[in-house]
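# Coordinate inspection notes
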Amino acid sequence: MIFTLDMNTVWFFLVGILLTGYAVLDGFDLGAGALHLTTKTDDDRRKVINSIGPHWDGNEVWLLTGGGALFAAFPEAYATAFSGFYLALFLLLMGLICRALAMEFRSKQTMRWWRSLWDSVFSIASIISTVLMGVALGNIALGLPLNGNHDFTGTFFSLLHPYALLVGVMVLVLFTMHGALYLLVKNEGELYARLRKLTPKLIMTFWAMLLVTTIATFLIVPHVVENLKAMPVLFLVPVLAFLAAGYLFAAHKKGNDFRALLASAVTIATLFLSLGLGLYPKLILSSPEAANSLTIYNAASSSKTLWIMLVIALIGMPLVIGYTTFVYRSFVGKVKLDEHSY
């Protein structure tokens, strides 16, 4: 396999960057939600929500932008993916909506049952959304049953095979760990102390899941390492993922929470990049009929469209990055509860 520097390849990696940005940024939002019910007091649960409150909606912009870029650059792949994952994406959308409702409605009433209800909705929706994302990644890696017209011929339940579920659980553990590290950066007091005790267990669990998933990938979906074998230098990317995963534990043990969070972000980014390098130039692999696969060439828009979109992206992406940076700098520091908090 040889990487060709053309507009199709550029957009393959631009879409990948947007979706990776979403995974890194909204990953800790989802992870914090998964941890939400492990907190014991109402104040601690409010702190969890207020840790992500200023950022969650901006983080999801990366998902919308990535989906929009996929639609414009590779419309046939977008159509096949959304038809194949229709029910899964509907459940994911409902999960994201329920998370938003829970954050907004939880503190509107003081009754204990009311807050407990929305706490449960927030946490369960976060867990389901995360697992569904992992299941989707597992199916993309393994391949989907496509016919000669690139139509999905499976069912929702055919997507729930062991490898996809394994990836779903691995992503859940990864995002939960990522969320715990973010909450350590944003909090102090009793919540911080409890998270300090919990986080090493999450890191060790993630290491175990990463090892198991890597072995399963080599055994079940060996095609995703063919590109890496053709260009051995690309193995540096998954190696970097393992090194970052190792460093985050060392940084956490030394009490450097921010560096541990950065290492977790690098781990997520390099894992996503490894998958992208393994799939290239395929967008949706067809299994078992590989000839029916959608690639960056047979699923792409016209060359003129890709060029026009690139100009728009060069203008729009710095704005998104600038806005994201501004929001995070504006809300830097530990969470303090007041009358304006969730």
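The following refers to the structure shown. This one's a predicted model, so the numbers in the text were calculated from it and none came from an experiment. (Residues numbered from 1 in each chain as written. Predicted model: local features only at pLDDT ≥ 70, side-chain atom pairs only at ≥ 80, totals over all residues. Heavy atoms only, no water.)

## Focus on the overall build of the chain
Applicable threshold: Strands are runs of DSSP state E lasting at least 2 residues, helices are runs of H or I lasting at least 4, and numbering of each runs from the N terminus. Two things to know: the radius of gyration comes from C-alpha atoms, and the globule rule equals 2.2 Å times the number of residues to the power 0.38. Partly exposed residues are those whose accessible area sits between 20% and 50% of the maximum for their type, while under 20% is buried and over 50% is exposed, using a 1.4 Å probe and protein chains only. Contact between two residues is taken to exist if any of their heavy atoms lie within 4.5 Å; hydrogens are not considered. What sets the accessible areas is the Shrake-Rupley method with a 1.4 Å probe; for residues, cover comes only from the shown protein chains.
Looking only at helices and strands, the chain features 12 helices and two strands. The linear arrangement of helices and strands in the chain, starting from the amino end, is α-α-α-α-α-α-α-α-α-α-α-β-β-α. At 20 Å, the chain has a C-alpha radius of gyration in line with the 20 Å of a compact globule built from 342 residues. Oriented by its inertia axes, the alpha-carbon framework of the chain measures out at about 55 × 40 × 35 Å. Within the chain, the fraction of its 342 residues that count as buried is 49%. Put simply, of all contacts in the chain between residues at least 6 apart along the chain, 80% involve residues at least 24 apart. Accessible area of the chain: about 16,100 Å², with a carbon and sulfur share of 72%.

## Here's the deal with the packing of helix H3 (residues 56-73) against helix H5 (residues 86-105)
Two quantities define a packed helix pair, namely the angle between the axes and the distance from one axis to the other. The condition is simple: In this description, a line fitted to the C-alpha atoms serves as the axis of each element, helices being fitted only across the stretch in contact, and the angle between N-to-C directions of two axes falls anywhere from 0 to 180 degrees. Here roughly perpendicular refers to angles of 65 to 115 degrees, roughly parallel to angles under 35, roughly antiparallel to angles over 145, and oblique to all remaining angles. By definition, turning the near helix anticlockwise from the far helix through less than a right angle yields a left-handed crossing, and turning it clockwise yields a right-handed one. Residue polarity is assigned by list, with Asp, Glu, Lys and Arg as charged and Ala, Val, Leu, Ile, Met, Phe, Trp, Tyr, Cys and Pro as nonpolar; anything else, Gly included, falls into the polar class.
Relative orientation of the contacting elements H3 and H5 amounts to 165°, with a least axis distance of 12 Å. Here H3 lies roughly antiparallel to H5, going by the angle between them. Judged by the twist between their axes, the crossing of H3 over H5 is left-handed. In this structure, H3 uses Trp56, Glu60 and Leu63 to contact H5, whose residues at the interface are Leu96, Arg99, Ala100 and Met103. Split by residue class, the contact of H3 with H5 holds five nonpolar, no polar and two charged.

## Re the pattern of salt bridges
Keep this limit in mind: One side-chain nitrogen of Lys or Arg within 4 Å of one carboxyl oxygen of Asp or Glu is enough to make a salt bridge.
Taken as a whole and assessed by the stated rule, the structure comprises nine salt bridges. Between Asp44 and Arg194 there is a salt bridge, with its nearest N and O atoms 2.1 Å apart. Of the two residues, Asp44 sits in helix H2 (residues 42-52) while Arg194 sits in helix H8 (residues 189-220), which places them 150 residues apart along the sequence. What makes Arg194 partly exposed here is its relative accessible area of 27%. When the shortest N-O distance is used, the salt bridge between Glu188 and Lys336 registers 2.6 Å. Of this pair, Glu188 sits in the loop between helix H7 (162-186) and H8 while Lys336 sits in the segment after helix H12 (303-330), placing them 148 residues apart in sequence. What makes Lys336 exposed here is its relative accessible area of 56%.

## A look at the packing of aromatic side chains
Quick note on the threshold: Only centres within 6.5 Å qualify two rings of Phe, Tyr or Trp (six-membered ring in Trp) as a pair; their planes then separate them into stacked at under 30 degrees, edge-to-face at over 60, and tilted for everything else.
The full count for this structure, using the stated rule, is 12 aromatic pairs. Ring geometry for Phe105 and Trp118: centres 5.5 Å apart, planes at 70°, overall edge-to-face. Placement of Phe105 in helix H5 and of Trp118 in helix H6 (residues 112-142) is noted, with a sequence separation of 13 residues between them. Relative to Trp118, the ring of Trp114 lies with its centre 5.9 Å away and its plane at 70°, an arrangement referred to as edge-to-face. Pair noted here: Trp114 and Trp118 are both in helix H6, with a separation of four residues, about one helical turn. Of the two residues, Trp114 and Trp118, both sit in the buried class. Joined through ring pairs, the aromatic side chains of Phe105, Trp113, Trp114 and Trp118 make up one cluster.

## What about H6?
Note the threshold: Expected span of a helix: the number of residues minus one, times 1.5 Å.
Its 31 residues place the ends of H6 45 Å apart at the C-alpha level, agreeing with the 45 Å of an ideal helix rising 1.5 Å per residue. Gly143 sits one or two positions beyond H6 and adopts a positive phi of about 115°.

## Here we look at the layout of surface pockets
As a reminder of what qualifies: A cavity here means a set of 1 Å grid points, computed over protein atoms only, where a 1.4 Å probe fits but cannot escape. A pocket is an open set with protein on both sides within 12 Å along at least 5 of 7 lines, and lining residues have an atom within 4 Å of a point. Grid points are joined across faces, edges and corners, and a volume is the space filled by probe spheres set on the points.
Approximately 1,400 Å³ is the volume attributed to the largest pocket. Lining the largest pocket are 44 residues, and of these Leu19, Leu63, Gly67, Leu70 and Leu137 lie nearest its centre. Every element with two or more residues in the lining of the largest pocket is listed here: helix H1 (7-35), H3, helix H4 (75-84), H5, H6, H7, helix H11 (257-279) and strand S1 (282-284). Sorting elements by how many residues they give to the lining of the largest pocket places H1 first, with nine residues. A breakdown of the residues in the lining of the largest pocket according to their chemical character gives 37 nonpolar, six polar and one charged. Roughly 590 Å³ of internal volume is contained in the second largest pocket.

## Remarks on the environment of Leu310
Within the secondary structure layout, Leu310 lies in helix H12. Separated by 299 residues in the primary sequence, Leu310 and Trp11 place their C-alpha atoms 8.0 Å from one another. When residues no more than four places from it in sequence are discounted, the contact partners of Leu310 are Met7, Val10, Trp11 and Leu14.

## What about the nonpolar core?
What counts is decided by this rule: In this description, a nonpolar core means a group of buried Ala, Val, Leu, Ile, Met, Phe, Trp, Tyr and Cys residues linked to one another through side-chain atoms lying within 4.5 Å.
Counting residues in hydrophobic clusters, the biggest one holds 89 residues, and the most contacted among them are Trp11, Phe74, Phe175, Met177 and Phe206. Ignoring any residue separated from it by four or fewer positions in sequence, one finds Phe74 in contact with Asn8, Trp11, Phe12, Val15, Ala69, Leu283, Ile296, Ala299, Ala300 and Ser301.

## Details of the side chain of Thr176
Counting through the fold element by element, Thr176 comes out in helix H7. Among the residues examined, Thr176 registers a relative accessible area of 9% and is labelled buried.

## Quick look at the packing of H6 against H7
Interhelical geometry of H6 versus H7 gives an angle of 135° and a closest axis separation of 7 Å. On the basis of their axis angle, the class for H6 and H7 is oblique. H7 is crossed by H6, and the crossing has right-handed handedness. Contacts between H6 and H7 involve Ile127, Thr130, Val131, Met133, Gly134, Val135, Leu137, Gly138, Asn139, Ala141 and Leu142 from the first element and Tyr163, Ala164, Leu165, Val167, Gly168, Val171, Leu172 and Phe175 from the second. Residue composition of the contact of H6 with H7, grouped by class: 14 nonpolar, five polar and no charged.

Shape descriptors only; they carry no functional weight alone.
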